Amino acid sequence: DIEIMAKDCLEKAAGHNPNLDAAGLAVKLSKAVPYRAEIEIEWYKAFCDQYHQMGYYDAFKLNEGSSIRESIVNMNRHRLAGFWNSVIYMLENNKLPHDFHRRSKWVNASQVYKLLVEPLDIADYYRKGMHREWGHYLEHGRERRYEIFDKWWKDRGVREKKYKRRKYANLTQDSCFWARVEEAKEWLNNVRIERDVTKRNMLWLKINEFEKYASKLIENKEVSEDVLAKNSTFSLWVEELKELKSQLIANFGWSSG
């Protein structure tokens with residue numbers, strides 16, 4: 001493409017080379033990988049799965065900053081956010097090749113980052129009670145970079161092969177799953193006290209829809225095992241829902257529809 005070649009020549013003449021900048025970013029990505037590995041593989045996620053009977057989402061929400069382990073994870077979370085924000089800044093300011101966001105290396109790296117780290121951002125949001133001040137994470141707390149990476153993944157031009165997973169995913173394939181759980185927790189709390197029949201029915205509709213969505217993810221093994229851990233927020237929510245339904249059936253012969 002003559003126009004792209006001309007643009008490249010002009011940028012090189014001005015001392016600016018997107019391909020060199022992309023190569024430099026690749027080096028920075030390799031340096032950022034250990035931050036990700038510390039969260040995922042080497043100890044934090046594995047430690048939480050093994051010892052807490054809850055996943056790294058819940059452990060971080062409960063303990064963030066209270067130990068060296070969580071402090072290191074939090075520091076790495078911020079480092080990785082800074083790195084990926086700088087990638088987006090460079091791309092949006094034409095400092096990277098025009099097709100950078102379609103290169104599989106970067107699309108895949110951003111997807112792994114999102115699936116691993118966004119649950120920690122959600123945990124931080126709810127731990128600090130920001131949902132009470134600003135509203136729930138999905139509408140009011142989600143960082144723009146995650147929405148951009150959603151688009152990169154969706155636009156990557158690869159036809160998804162539908163296959164049955166034999167085991168649970170290493171990382172839950174919906175990076176916002178825990179934000180949905182937190183909203184479902186609020187619906188369940190509210191349905192207990194709501195006196196308005198119409199509002200109560202709306203809450204039950206939302207609860208049932210989320211329950212079906214979560215069941216499908218689990219059935220397809222698109223969640224990681226920590227979602228089903230005994231003390232996870234999700235497992236506790238499922239138990240609360242069962243208990244409430246049992247009470248309503250026993251007392252009123254009720255059905256949620």
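Residue indices follow the written sequence of each chain, beginning from 1 at its first position. pLDDT decides what is reported in this predicted model: residues at 70 or higher carry local features, side-chain atom pairs at 80 or more are listed and counted, and totals for whole chains, interfaces and linings draw on all residues regardless. Heavy atoms from the whole structure form the basis of all side-chain values; hydrogens and water molecules are not counted.

Going by the annotation in an unreviewed UniProt entry, the name recorded for the protein is EDS1 EP domain-containing protein, with Corchorus capsularis given as the source organism.

1. Structural notes on the overall build of the protein
This is how it is decided: Think of it this way: any DSSP run of H or I at least four residues long counts as a helix, any run of E at least two long counts as a strand, and we number them from the N terminus. Any two residues whose heavy atoms approach within 4.5 Å at even a single point are treated as in contact. All accessibility values rest on the Shrake-Rupley procedure with a 1.4 Å probe; residue burial counts only the protein chains present in the view.
A tally of helices and strands in the protein yields 12 helices and zero strands. Start at the N end of the protein and walk to the C end: the helices and strands fall as α-α-α-α-α-α-α-α-α-α-α-α. If you take every contact in the protein between residues at least 6 apart in sequence, the share linking residues at least 24 apart comes to 74%. Carbon and sulfur atoms make up 51% of the accessible area of the protein, which totals about 15200 Å².

2. Some thoughts on the side chain of histidine 131
Selection rule: Note on classification: 1.4 Å probe, protein chains only; a residue is buried when its accessible area is under 20% of the maximum for its type, exposed when over 50%, partly exposed between these limits.
Looking at where histidine 131 falls in the secondary structure, it is placed in helix H7 (residues 130-134). Taking the relative accessible area as the measure of exposure, histidine 131 reaches 17% and is therefore buried. With residues near it in sequence (within four places) discarded, histidine 131 still touches Tyr125, Tyr126 and His136.

3. Observations concerning helix H9 (residues 144-154)
Stated precisely, the cut-off is as follows: It is the directions from the helix axis to the C-beta atoms that the arc portrays.
Three or more residues of H9 are buried, namely Arg145, Tyr146, Ile148, Phe149 and Trp152. Looking straight down H9, one finds its buried side chains confined to an arc of 155°; they lie on one side. Away from the buried face of H9 by more than 90 degrees, exposed residues Lys151 and Lys154 are located. As for H9, its buried residues are in contact with helix H5 (68-92), helix H6 (104-127) and helix H8 (137-140).

4. Let's talk about the nonpolar core
This is how the line gets drawn: For this analysis, a nonpolar core means a set of buried residues of the types Ala, Val, Leu, Ile, Met, Phe, Trp, Tyr and Cys, connected via side-chain atoms within 4.5 Å.
Judged by nonpolar contacts, the single largest core of 62 residues is most densely connected at Trp84, Trp106, Trp152, Phe177, Phe210 and Phe234. Counting residues per element, this core draws most heavily on H6, which supplies 12 residues.

5. Examining the confidence of the model for the protein
Reading predicted coordinates in detail is not appropriate for stretches of low pLDDT. To keep things clear, this is the line we draw: The pLDDT value tells you how sure the predictor is about a given residue, anywhere from 0 up to 100.
Model confidence for the protein is summarised by a mean pLDDT of 84, while 79% of its residues fall at 70 or above. Across residues 1-7, confidence stays below pLDDT 50; counting only partners more than four residues off in sequence or on other chains, it has two contacts. Confidence drops under pLDDT 50 across residues 9-15; counting only partners more than four residues distant or on other chains, this segment forms five contacts.

6. A look at the packing of aromatic side chains
Two aromatic rings are characterised by how far apart their centres lie and by the angle between their planes. How we decide: Only the six-membered ring of Trp is used, alongside the rings of Phe and Tyr, when aromatic pairs are assigned; centres must lie within 6.5 Å, and planes under 30 degrees apart are stacked while those over 60 apart are edge-to-face, with the rest tilted. Two limits define a charge over a ring: the Lys NZ or Arg CZ must be within 6 Å of the ring centre, and within 35 degrees of the ring normal.
According to the stated counting rule, one finds 19 aromatic pairs in the structure shown. Note on tryptophan 84 and phenylalanine 149: the rings are 5.2 Å apart at their centroids and 75° apart in plane angle, and the pair reads as edge-to-face. With tryptophan 84 in helix H5 and phenylalanine 149 in helix H9, the pair connects residues that are 65 residues apart, well separated along the chain. Between phenylalanine 100 and tryptophan 152, the aromatic rings sit 6.5 Å apart at their centres with planes inclined by 80°, giving edge-to-face as the arrangement. With phenylalanine 100 in the loop between H5 and H6 and tryptophan 152 in helix H9, this pair connects stretches of sequence that are 52 residues apart. Each member of the pair, phenylalanine 100 as well as tryptophan 152, is classed as buried. An aromatic cluster is built from Phe83, Trp84, Phe100, Trp106, Tyr113, Tyr146, Phe149 and Trp152, whose rings are joined through pairwise contacts. In this structure, arginine 145 is placed above the aromatic ring of tyrosine 146, and the distance from its NZ or CZ to the ring centre is 4.9 Å. Here lysine 221 stacks its cationic end above the ring of tyrosine 168, 5.3 Å away from the centre of that ring.

7. Description of the pattern of salt bridges
We apply this condition: Definition used for salt bridges: Asp or Glu carboxyl oxygen within 4 Å of a side-chain nitrogen of Lys or Arg.
The full count for this structure, using the stated rule, is 18 salt bridges. For aspartate 124, the salt bridge identified is with lysine 128, shortest N-O distance 3.2 Å. The partner of aspartate 174 in a salt bridge is arginine 180, with the nearest N and O atoms 2.7 Å apart. The class for aspartate 174 is buried, based on a relative accessible area of 11%.

8. Points about unusual backbone geometry
Residues apart from glycine generally show negative phi values, whereas peptide bonds are mostly found in trans. Residue asparagine 94 is not a glycine yet carries a positive backbone phi of 55°. Relative to the helices and strands, asparagine 94 is located in the loop between H5 and H6. Accessibility expressed as a relative area gives 44% for asparagine 94, which makes it partly exposed. Of note in the backbone geometry, lysine 221 takes a positive phi value of approximately 55° without being a glycine. As for its position among the elements, lysine 221 is in the loop between helix H11 (197-219) and helix H12 (233-252). Of the residues examined, lysine 221 reaches a relative accessible area of 22% and is grouped as partly exposed.

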